[in-house]
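Reading the structure
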Amino acid sequence: AKRTREGVHVFVPDPVTGTSGSDRLRTMEELRTALDGDELRVYLQPQMDMRDGRIVGAEALVRWDHPTRGLLSPAALLPAAEQAGLLRPLTDRVLELALAAAARWWPEREVPVSVNLSAANVTDLDLAGKVAAALHRHGLPARALTLEVVEDTLMADPERGRTVLADLRASGVRTSIDDYGTGYSSLAYLRHLPADELKLDRSLTADVDRDPRAAAIVQSTVALAHALGLSLVAEGVESLAISTTLAGLGCDVAQGYAIARPMPVDDFLRWLAASDSGLVDEALIPDFSQ
Ligand code: C2E
Ligand code: MG
Ligand code: MG
Ligand code: MG
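As recorded in an unreviewed UniProt entry, the protein goes by Diguanylate cyclase (GGDEF) domain-containing protein and comes from Blastococcus saxobsidens.

Now the structure itself:
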């Protein structure tokens, strides 16, 4: 923070950490405290089956309920966690919160919860064991959990990443390739990835209703995913026009602001119940009858 002539503190964001340089160390220290206490939250964002409008998943997105700075997003929190070497304990905590949430709707509603992994996790050969123990503590079957990995995080050690994913999958946990279409998505590597779903990045879905080239990429990615036996989830679905176009191109599942924003766990439970009883805007479900 910088002090202006008026004495007001102006927040000057660092392009990397989202905090000013002098605040970075403090943020890292505070994050340690946050991980010991109960300042971390997960917000849940529903994922909708495009064929029938049913909710078939929920992604857990970390938030930091900071005592003075308010609710902080992953963009502000993840770089600090990485620099402080706290990514593994962060995932442990998020997994704990996500599974505790899922245990509230499971098994009445068999909706898996998705958790994002970081590079520090996909090199952890104990991950499948830790995950199995966490599921057991919450009385959940393995299929109640989906673990999302961005392809680039596997690149540091592809061989080991593949092993970790294969172990998870063998235990019954679902695996997902996140932000597909960004970075160095290699088709050759995809061939050997033990995954259940592909999440198409928002950069590819954003213009799909207006840009035929974007639509062509989505369409061929859908074909690729299906040929490899993967379900295709479109992220960043911000409008009905995008949703309808994506459904027409064969996407299986949609996630985005047009369906719902990420919300606190209690809100999600109410939202899910309302959605199941048809109280959520039906207009979002593409109608192929006309
Ligand atoms: P992601 O896994 O691709 O998650 C989707 C992000 O897109 C979320 O941002 C979500 O709020 C946002 N989003 C969803 N629908 C829309 C939409 O229609 N339009 C737009 N513009 N955005 C939408 P969020 O929560 O800020 O998370 C950002 C990223 O931080 C995530 O991207 C994920 O890579 C990472 N992240 C979040 N939580 C965790 C976590 O617990 N652990 C790790 N390692 N990474 C996390
Ligand atoms: Mg994700
Ligand atoms: Mg994503
Ligand atoms: Mg993304």
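With respect to the nonpolar core
Membership of the largest hydrophobic core comes to 85 residues, with the highest contact counts inside it found for Trp-105, Val-113, Val-131, Leu-145, Leu-168 and Leu-246. Top contributing element to this core by residue count: helix 3 (residues 87-105), with nine residues. Ignoring anything within four residues of it in the chain, the contact list for Leu-145 reads Leu-95, Leu-99, Pro-112, Val-113, Val-115, Val-131, Leu-135, Val-173 and Arg-174.

Focus on the site of ligand 1
Close to ligand 1 lie 22 residues, the nearest being Glu-59, Arg-63, Asp-178, Glu-238 and Tyr-257. Take Gln-45: an N or O atom from its side chain is 3.0 Å from a nitrogen atom of ligand 1. The separation between an oxygen atom of ligand 1 and a polar main-chain atom of Tyr-257 is 2.8 Å. Here ligand 1 loses 82% of its free accessible area of 800 Å² to cover by the protein chains. Elements with a minimum of two residues in the shell around ligand 1: strand 4 (55-66), helix 2 (74-83) and strand 8 (174-180). In terms of residue count, the dominant contributor to the shell around ligand 1 is strand 4 (four residues).

Details of helix 12 (residues 265-276)
Between its first and last C-alpha, helix 12 extends 16 Å over 12 residues, near the 16 Å set by a 1.5 Å rise per residue. Listing the buried residues of helix 12 in full gives Val-265, Phe-268, Leu-269, Trp-271, Leu-272 and Ser-275. With its buried residues spanning 165° around the axis, helix 12 presents them on a single face. Residues of helix 12 that are buried make contact with strand 3 (40-49), strand 4, helix 3 and strand 12 (263-264). Where helix 12 terminates, the next one or two residues include Gly-278, which has phi positive at roughly 75°.

Things to note about the coordination of the magnesium ion (ligand 4)
For the magnesium ion (ligand 4), the full set of protein donor atoms is Asp-179 (OD) and Glu-235 (OE), at a range of 2.4 Å. Taking relative accessible area as the criterion, Asp-179 reaches 23% and is therefore assigned partly exposed.

What to know about the coordination of the magnesium ion (ligand 3)
When a metal carries six donors in an octahedron, the ideal angles between them are 90 or 180 degrees, while four donors in a tetrahedron ideally lie at 109.5 degrees. The protein atoms that coordinate the magnesium ion (ligand 3) are Asp-178 (OD), Asp-179 (OD) and Glu-235 (OE), at distances of 2.1 to 2.2 Å. Here the magnesium ion (ligand 2) and the magnesium ion (ligand 3) are spaced 3.7 Å from one another, each receiving a donor from Asp-178. With Asp-179 in strand 8 and Glu-235 in the loop between strand 10 (231-234) and helix 11 (240-248), this pair connects stretches of sequence that are 56 residues apart.

Comments concerning the environment of Val-208
Structurally, Val-208 can be placed in the loop between helix 9 (202-205) and helix 10 (212-227). Val-208 sits in the buried class, given a relative accessible area of 3%. Once you skip the residues sitting within four places of it in the chain, Val-208 turns out to touch Ala-214, Ala-215, Val-218, Ile-242, Thr-245, Leu-246 and Leu-249.

Digging into the side chain of Glu-148
Topologically, Glu-148 is positioned in strand 7 (residues 145-150). Take Glu-148: its relative accessible area is 1%, and that puts it in the buried class. Polar contacts involving the side chain of Glu-148 include one to the side chain of Lys-199, which spans 2.8 Å. If sequence neighbours within four positions are ignored, Glu-148 has contacts with Gln-47, Glu-59, Ser-114, Val-115, Asn-116, Leu-117, Ser-176, Asp-178 and Lys-199.

Rules used throughout
- Residues numbered from 1 in each chain as written.
- Chains lettered and ligands numbered in written order.
- Predicted model: local features only at pLDDT ≥ 70, side-chain atom pairs only at ≥ 80, totals over all residues.
- Heavy atoms only, no water.
- Core = buried A, V, L, I, M, F, W, Y, C linked by side-chain atoms within 4.5 Å.
- Buried < 20%, exposed > 50% of the residue type's maximum accessible area, 1.4 Å probe, protein only.
- Helix = DSSP H or I, 4+ residues; strand = E, 2+ residues; numbered from the N terminus.
- Contact = heavy atoms within 4.5 Å.
- Near = heavy atom within 4 Å.
- Polar contact = N/O pair within 3.5 Å; in protein donor to acceptor, adjacent residues only side chain to side chain.
- Areas by Shrake-Rupley, 256 points an atom, 1.4 Å probe, with all protein chains shown as cover.
- Expected span 1.5 Å × (residues − 1).
- Arc of directions from axis to C-beta.
- Donors = N, O, S within 2.8 Å, 3.2 Å for Na, K, Ca; no water.

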